[in-house]
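# Per-entry structural report
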Amino acid sequence: FKSSPEYASLMGRYYDRSGNFALAVKWYSDAINLNPVSDEDYYRMGQLFIRHKRFDKARSMVSKAIALDPGNADYRVMHASILYEYEGVDTAIGYLRDFMKDRPEEPKIIGEIARYYYRAGQTKEFNEYKERYEKMPKREVGFYQFLVEMAGLEDRPKEVVEYTQEIIKIAPGDLRARMTLGD
């Protein structure tokens, strides 16, 4: 088992969570060398590079993950975040909108576009995408976490409670949301 790509991938995840950047990169690299068609390892390594602000290396990893699984919304969202860092909010939104043409009801993409509109200060567009997101039957916790964070920063406690309750509806075991609601 020690010589398998699964072991190397697990060790990469372990060191990633432990905060040991060098060993996480080493183990993810080993996993990719042993299994070069593992899109998840490319994705995780891309996440690691983004957290450490190495966007050039992250772009390469995410591009490989997308090449292996072009329909994965998580990979596209990560690529959009890299585009946001390099080319700005309009490019990131355009990229996500282009991806959304084939999947008009993808909640992760709609929520991410709303985030970018919020960051750009485009309130009208943000509210449109937020309403569109809230009408969807399937929702993601990440967007509501973003809304809780923004409502907290803007000192709107009623909205913090409202969005935190939405998180608990989606993920009842989310302890962080329960702690926020308790506060």
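Quick look at the structure, then. (Residues numbered from 1 in each chain as written. Predicted model: local features only at pLDDT ≥ 70, side-chain atom pairs only at ≥ 80, totals over all residues. Heavy atoms only, no water.)

Let's shift gears to the overall build of the protein. Tallying secondary structure elements over the protein gives eleven helices and zero strands in all. In the protein, the order of α-helices and β-strands from amino to carboxyl end is α-α-α-α-α-α-α-α-α-α-α. Referenced to the eigenvectors of the C-alpha coordinate spread, the extents of the protein come out at roughly 50 × 40 × 30 Å. Contacts in the protein between residues at least 24 apart in sequence constitute 45% of all its contacts with a sequence separation of at least 6. Counting only carbon and sulfur atoms, one obtains 50% of the accessible surface of the protein, whose full area is about 10,400 Å². Across the protein, the mean location of the 29 positive side-chain charges is 3 Å away from that of the 30 negative side-chain charges. (Helix = DSSP H or I, 4+ residues; strand = E, 2+ residues; numbered from the N terminus. Contact = heavy atoms within 4.5 Å. Areas by Shrake-Rupley, 256 points an atom, 1.4 Å probe, with all protein chains shown as cover. Lys, Arg positive; Asp, Glu negative; His and termini not counted. Charge placed at Lys NZ, Arg CZ, Asp CG, Glu CD.)

What follows concerns helix H7 (residues 107–120). The terminal C-alpha atoms of H7, which comprises 14 residues, lie 20 Å apart, in line with the 20 Å expected from a rise of 1.5 Å per residue. Of all 14 residues making up H7, ten are buried, and the element is well covered by its neighbours. Those residues of H7 not exposed but buried are Pro 107, Ile 109, Ile 110, Gly 111, Glu 112, Ile 113, Ala 114, Arg 115, Tyr 116 and Tyr 117. Structurally, H7 contributes buried residues whose contacts are with helix H5 (73–87), helix H6 (89–100), helix H8 (123–134) and helix H9 (141–153). Positive backbone phi, approximately 80°, marks Gly 121, located one or two places after H7. (Expected span 1.5 Å × (residues − 1). Buried < 20%, exposed > 50% of the residue type's maximum accessible area, 1.4 Å probe, protein only.)

Purely spatial values, then, with no claim about function.
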